[in-house]
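Structural description and commentary
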Amino acid sequence: MTWTDEELVARSRGGDVDSFNQLIVRWERPIYALAYRVIGREEEARDVCQEAFLRAFRALPGFKGQAKFSSWLYRITLNLCRDWIRRQRRTPVAQMPEDVDAVEFASETGPAETIEDLVARRELGEVVAAAMALLPEEQRTAIILKEYHGMTFQEIADLQGCPLSTVKTRLYQGLSVLRRNLARNPAMASGIARAEATRDGRLQPELVKRV
Amino acid sequence: MRDQPFQCGDVEALVTYLYGECDAQERGLIETHLVTCPGCAEEVETLRGTRTLLATWAPPAADLGFQITRVADPQAGEVSSSSVLRPARWWSKPLPAWAQVAAAAAIFAAGVGIGVSRRGPDVQPAAATEASVVQRPIAAISPAAPTVSAADLERVEARLRGEIAQLRTASAVAPVARTNSDEVLRQVKAMLADSERRQQQASAVRTAQMVGQLEEQRRVDIAQMQRAVGDVQRIAGATYQDQNRLVRLLVNSQQR
């Protein structure tokens, strides 16, 4: 039987640690992905992910279900990311992924993608990561929440504590600057052409279920 | 629906349209406008293209598997919250879960056995719920106890009996079934087998994942090397053709 988040939260609040561990299994990959994309570093993202669950577990008695558990967890994670970025006192630099999960990648993209496609896609992803790291934190976070976590404008506004219109502006400005940065990169010329050529084919922008 | 109709260059409306969050009426207005306005149409296409590129950015594989492994036990004198979250990596654990269960259960079973034999069959043995068997001794007793003296066992037995009595009085749950040491041993064996099976399954899955990742990485590396070699060969071929052409030109010019 599969419990809902709300049911697992209720059981966790009743002292059932296993239920909370089920919530961790369910949410650790999206939370790690969020932290990684926001702060751009693997090890630190892992630490943030662990700390987020630990804080959530400790704060569980105070969580009255006023928001979705996932939203609450996202908020904790983003706060931790913001703290980390402030501590760094500089623009975070995206660490080039050392090891893209190629197996997961290949299984998602299906047999139609050749190894050549895989290599090109991976290289492209690294350039995108570097370009994203140049964006202001608010714009980057808005794009990440929208593109990779499938949140609505309202959910992003709630998480970022800003009006709906600000979220839309951040997305527009972020995407525009990102595009300009990417276009300046010579390595991107063929990649952009390639991605656009397959826009209606294998490469799809919706990554909501990926993480 | 927004209060104002869509106006050319309204980027907020275009973003709402881009992500499919506008209502049918607004979408219709924007689509009609895009047909006649190359500027807005290009803007939307550019944003769409950028979204497509974003799809290529995947987070790296990470060894996660976090689990809450220990909870503060006020009865054991732990006043602060001492929850420990750590990755469930079997090779980095100080002691596997099944070994912890085994050690704790062995001590408990021995304690119960001694208690029964010393006090006679009329003494009610330490009945226990599954929770008290598995979890509380782990929190209270060091799991690594290779040699146990009779005094240790007596202390453990007394402590367990005390805790069970507390449990009984504190929670009015279902009545606790009477059990004996054979029953306890049977349960412990079943738990051990179950834990070991889970451990083996987890390590098998992990190994399969690692092998898969290594194989994929190898294929990617080979493809990159082949491409690099191909580039070199193409360059060498082009150079060779250039030289040939130069030689022919020289020969031709000398013949003239």
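Residues numbered from 1 in each chain as written. Chains lettered and ligands numbered in written order. Predicted model: local features only at pLDDT ≥ 70, side-chain atom pairs only at ≥ 80, totals over all residues. Heavy atoms only, no water.

Digging into the overall build of chain A
Stated formally: For the purposes of this entry, the term helix denotes a DSSP run of H or I that reaches at least four residues, the term strand denotes a run of E that reaches at least two, and both are numbered from the N terminus. Partly exposed residues are those whose accessible area sits between 20% and 50% of the maximum for their type, while under 20% is buried and over 50% is exposed, using a 1.4 Å probe and protein chains only. Only heavy atoms matter for contacts: two residues are in contact if any of them lie within 4.5 Å across the pair. Only the protein chains shown count as covering a residue, and every accessible area follows the Shrake-Rupley method with a 1.4 Å probe.
Helices and strands together make up the secondary structure of chain A, namely 10 helices and 0 strands. Of the regular secondary structure in chain A, the N- to C-terminal order runs α-α-α-α-α-α-α-α-α-α. A total of 211 residues make up chain A; the buried ones form 54% of that total. In chain A, once contacts between residues fewer than 6 apart in sequence are set aside, the share between residues at least 24 apart is 65%. A total accessible area of about 9,600 Å² is found for chain A, and carbon and sulfur atoms account for 51% of it.

So, the overall build of chain B
Within chain B one finds 7 helices and 2 strands. Going residue by residue from the N terminus, the α and β elements of chain B occur as α-α-α-β-β-α-α-α-α. Looking at chain B as a whole, 30% of its 256 residues qualify as buried. Within chain B, contacts between residues at least 6 apart in sequence are counted, and of these 61% link residues at least 24 apart. Total accessible area on chain B is roughly 15,600 Å²; 57% of this is exposed by carbon and sulfur atoms.

Digging into the confidence of the model for chain B
All names here are of chain B. Quick reminder of the rule: Scored between 0 and 100, pLDDT is the confidence that the predictor attaches to each residue.
Looking at chain B, pLDDT values average 70 and 63% of them are 70 or higher. Within chain B, helix H1 (residues 11-18) carries the highest mean pLDDT (94), whereas helix H5 (residues 130-140) carries the lowest (30). This model gives residues 171-178 a pLDDT under 50, and the stretch forms 5 contacts once residues within four places in sequence are excluded. Scored by ipTM, the complex comes to 0.74, with pTM at 0.55.

Examining the environment of Glu44(A)
All names here are of chain A. As for its position among the elements, Glu44 is in helix H3 (residues 42-59). Of the residues examined, Glu44 reaches a relative accessible area of 27% and is grouped as partly exposed. Ignoring any residue separated from it by four or fewer positions in sequence, one finds Glu44 in contact with Ile39 and Trp84.

Observations regarding the pattern of salt bridges
All names here are of chain B. Keep this limit in mind: Note on definitions: salt bridges are taken to be side-chain nitrogens of Lys or Arg within 4 Å of carboxyl oxygens of Asp or Glu.
Counted according to the given criterion, the structure contains 11 salt bridges over all chains. For Arg48, the salt bridge identified is with Glu45, shortest N-O distance 3.1 Å. Of the two residues, Arg48 and Glu45 both sit in helix H3 (residues 38-54), 3 residues apart, roughly one turn of that helix. Of the charged contacts, one joins Arg218 and Glu215 as a salt bridge, the two residues approaching to 3.0 Å between their closest N and O atoms. Residue Arg218 and its partner Glu215 are located together in helix H7 (residues 181-255), separated by 3 residues, close to a single helical turn. The network of salt bridges with common partners includes Asp194, Arg197 and Arg198.

Here's the deal with the nonpolar core
The test is simple: What makes a nonpolar core is a set of buried Ala, Val, Leu, Ile, Met, Phe, Trp, Tyr and Cys residues whose side-chain atoms join them at distances within 4.5 Å.
Ranked by internal contacts, the top residues of the largest apolar core, which has 79 residues, are Phe20(A), Phe69(A) and Met132(A). Residue contributions to this core peak at 12 residues, all from helix H2 (residues 17-39) of chain A. In this view, Phe20(A) contacts Ser12(A), Phe53(A), Ala56(A), Phe57(A), Leu60(A), Phe69(A) and Ile68(B); residues no more than four positions away in its chain are not counted.

As for helix H8 (residues 153-160) of chain A
The condition that has to hold: The directions considered for the arc run from the helix axis to the C-beta atoms.
Those residues of H8(A) that sit buried are Phe153(A), Ile156(A), Ala157(A), Leu159(A) and Gln160(A). Viewed end-on, H8(A) has its buried residues packed into an arc of 165°, placing them on one side of the element. In this fold, the buried residues of H8(A) make contact with helix H4 (69-88), helix H7 (137-147) and helix H9 (164-184) of chain A together with H1 of chain B. Immediately downstream of H8(A), the backbone of Gly161(A) shows phi near 65°, a positive value.

A few points about the environment of Leu73(A)
Relative to the helices and strands, Leu73(A) resides in helix H4. C-alpha of Leu73(A) to C-alpha of Cys49(A): the two residues are 24 residues apart in sequence and 9.9 Å apart in space.

Details of the packing of H7(A) against H8(A)
Residues and elements named next belong to chain A. Using the following cut-off: Simply put, an axis is a line fit to the C-alpha atoms, just over the touching stretch for a helix, and the angle between two N-to-C directions goes from 0 to 180 degrees. An angle below 35 degrees is read as roughly parallel, one above 145 as roughly antiparallel, one from 65 to 115 as roughly perpendicular, and any other as oblique. By the definition used in this description, the sense in which the near helix is turned from the far one sets the handedness, with an anticlockwise turn below a right angle giving left-handed and a clockwise turn giving right-handed. Asp, Glu, Lys and Arg are counted as charged, while Ala, Val, Leu, Ile, Met, Phe, Trp, Tyr, Cys and Pro are counted as nonpolar; the rest, among them Gly, fall into the polar class.
Contact pair H7 / H8: the axes reach a minimum separation of 10 Å and the direction vectors enclose 140°. Considering their axes alone, H7 and H8 lie oblique with respect to each other. The crossing of H7 and H8 is right-handed. Contact with H7, carried on its side by Glu138, Thr141, Ala142, Leu145 and Lys146, involves Phe153, Ile156, Leu159 and Gln160 of H8 and no other residues of that element. A breakdown of the residues in the contact of H7 with H8 according to their chemical character gives 5 nonpolar, 2 polar and 2 charged.

Overview of the side chain of Thr16(B)
For Thr16(B), the position within the fold is in helix H1. Leave out the neighbours within four places in its chain, and Thr16(B) touches Phe153(A), Lys168(A), Glu21(B) and Cys22(B).

So, the side chain of His33(B)
Along the polypeptide, His33(B) turns up in helix H2 (residues 24-36). Once you skip the residues sitting within four places of it in the chain, His33(B) turns out to touch Phe6(B), Cys8(B) and Cys40(B).

Topic: the state of the cysteines
Residues and elements named next belong to chain A. Operational definition: Two cysteine sulfur atoms form a disulfide, by the criterion used here, when they sit within 2.5 Å.
This model, assessed by the stated rule, comprises 0 disulfides over all chains. For Cys81, which is in no disulfide, the shortest distance to another cysteine sulfur is to Cys49 and amounts to 9.9 Å. Its relative accessible area of 1% is what places Cys81 among the buried residues.

Side note on the packing of H8(A) against H9(A)
Residue and element names in this part refer to chain A. Where H8 contacts H9, the axes come no closer than 8 Å and their chain directions differ by 100°. Classified by the angle between their axes, H8 and H9 sit roughly perpendicular to one another. Two secondary-structure elements touch here, H8 through Phe153, Gln154, Ile156, Ala157 and Gln160 and H9 through Leu164, Val167, Lys168, Arg170 and Leu171. Residue classes in the contact of H8 with H9 are distributed as 6 nonpolar, 2 polar and 2 charged.

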